[in-house]
Amino acid sequence: MTSAQTDRVIAIDSRNFDELYRTKRTAMIAYATAILGGDSASAEDVVDEAFTDIWKKRHALSRIENVTVWLRQIVRNKAIDLLRKTGRVELHGDGEIFDQQISPARSPEDSALLSSERRWLERALESLNGFQREAIVLCYFEGCSLQDIALQTGASLGTVKTRLYYARRRLAVVLQHM
């Protein structure tokens, strides 16, 4: 099964479950890390719990139209459940979601510059509330359409647009002061 097939339609069996886990786990951990405010250890637990639930319920699932959207919804719900259990309302992160975006093939100078820029961006993102940060990460780092963000977060399209609008406004103010 190719990666393109895992994004379209699958029936869950052991072979394509392994492929799904292998191709989507890292991205889902990054997504959960953003929701959990940088808590990558909890994000890994959330993602593994999501995959465990999928495997346990695989016989009830027939075909999934957009696996990435469907998987993000499950991971998001698990992460929000964890936030509720731990009483965390505001999401503040240490930016581990961005660690994977620095290529090891870069020169030390380029890596240092990117690392500095990454810390600068992380500080700006910390100024957003969790919902705004989630919308920004999905839109600009994951490349999701507004409709996909609405579907994944369970928010209306208008709410997604509002979150992005206020997040961009807030980021503009914060970045001007940096």
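Given the structure is predicted, the values throughout are model-derived calculations rather than measurements. (Residues numbered from 1 in each chain as written. Predicted model: local features only at pLDDT ≥ 70, side-chain atom pairs only at ≥ 80, totals over all residues. Heavy atoms only, no water.)

Peer 1: Summarise the overall build of the protein; cite the residues concerned and give the values.
Peer 2: Looking only at helices and strands, the protein features eight helices and zero strands. Start at the N end of the protein and walk to the C end: the helices and strands fall as α-α-α-α-α-α-α-α. Out of the 178 residues in the protein, the part that is buried amounts to 41%. Taking the intrachain contacts of the protein between residues at least 6 apart in sequence as the baseline, contacts between residues at least 24 apart amount to 67%. Total accessible area on the protein stands at roughly 9,800 Å², and carbon and sulfur atoms take up 52% of it. (Helix = DSSP H or I, 4+ residues; strand = E, 2+ residues; numbered from the N terminus. Buried < 20%, exposed > 50% of the residue type's maximum accessible area, 1.4 Å probe, protein only. Contact = heavy atoms within 4.5 Å. Areas by Shrake-Rupley, 256 points an atom, 1.4 Å probe, with all protein chains shown as cover.)

Peer 1: Quick rundown of the pattern of salt bridges? Include the residues and the values.
Peer 2: Applying the stated criterion across every chain yields a total of six salt bridges. The closest approach of N and O atoms between Arg25 and Asp48, which form a salt bridge, is 3.0 Å. Highlighted residues: Arg25 in helix H2 (residues 14-35) and Asp48 in helix H3 (residues 40-56), separated in sequence by 23 residues. Judged by relative accessible area, Asp48 falls into the partly exposed class, the value being 27%. The residue Glu134 makes a salt bridge to Arg76 at a minimum N-O spacing of 2.7 Å. Placement of Glu134 in helix H6 (residues 130-141) and of Arg76 in helix H4 (residues 67-86) is noted, with a sequence separation of 58 residues between them. Accessibility expressed as a relative area gives 5% for Glu134, which makes it buried. (Salt bridge = Lys/Arg side-chain N within 4 Å of Asp/Glu carboxyl O.)

Peer 1: Any details on the environment of Val174? Residues and values, ideally.
Peer 2: As for its placement among the helices and strands, Val174 is situated in helix H8 (residues 157-177). Each C-alpha atom, one on Val174 and one on Leu125, is 9.0 Å from the other, the two residues being 49 residues apart in sequence. Excluding anything up to four places from it in sequence, Val174 contacts Ala124 and Ser127.

Peer 1: A description of the nonpolar core should follow, citing residues and the corresponding values.
Peer 2: Val47, Leu71, Val75 and Ile136 are the most contacted members of the largest nonpolar core, which totals 36 residues. The set of elements that each furnish at least two residues to this core consists of H2, H3, H4, helix H5 (108-126), H6, helix H7 (146-153) and H8. Once residues lying within four places of it in the same chain are set aside, the contact partners of Ile136 are Leu125, Leu128, Phe141, Leu164, Ala167, Arg168 and Leu171. (Core = buried A, V, L, I, M, F, W, Y, C linked by side-chain atoms within 4.5 Å.)

Peer 1: Please set out the environment of Ile149 residue by residue, giving values where relevant.
Peer 2: You can see Ile149 is positioned in helix H7. Exposure remark for Ile149: the relative accessible area of 1% places this residue in the buried category. With 12 residues separating them along the chain, Ile149 and Lys161 place their C-alpha atoms 9.7 Å apart. Dropping the residues within four chain positions of it, Ile149 is found in contact with Ala135, Leu138, Cys139, Cys144 and Val160.

Peer 1: Kindly report on the packing of aromatic side chains, identifying the contributing residues and their values.
Peer 2: Using the criterion set out here, one finds two aromatic pairs in the structure. On the numbers, 4.9 Å between centres and 75 degrees between planes, the contact of Tyr21 with Phe51 is edge-to-face. One end of the pair, Tyr21, is in helix H2; the other, Phe51, is in helix H3, and 30 residues separate them in sequence. Among the residues examined, Tyr21 registers a relative accessible area of 31% and is labelled partly exposed. The interplanar angle of 80 degrees and the centroid separation of 5.0 Å between the aromatic rings of Tyr165 and Tyr166 together place this pair among those described as edge-to-face. (Phe/Tyr/Trp six-rings, centres within 6.5 Å; stacked < 30°, edge-to-face > 60°.)

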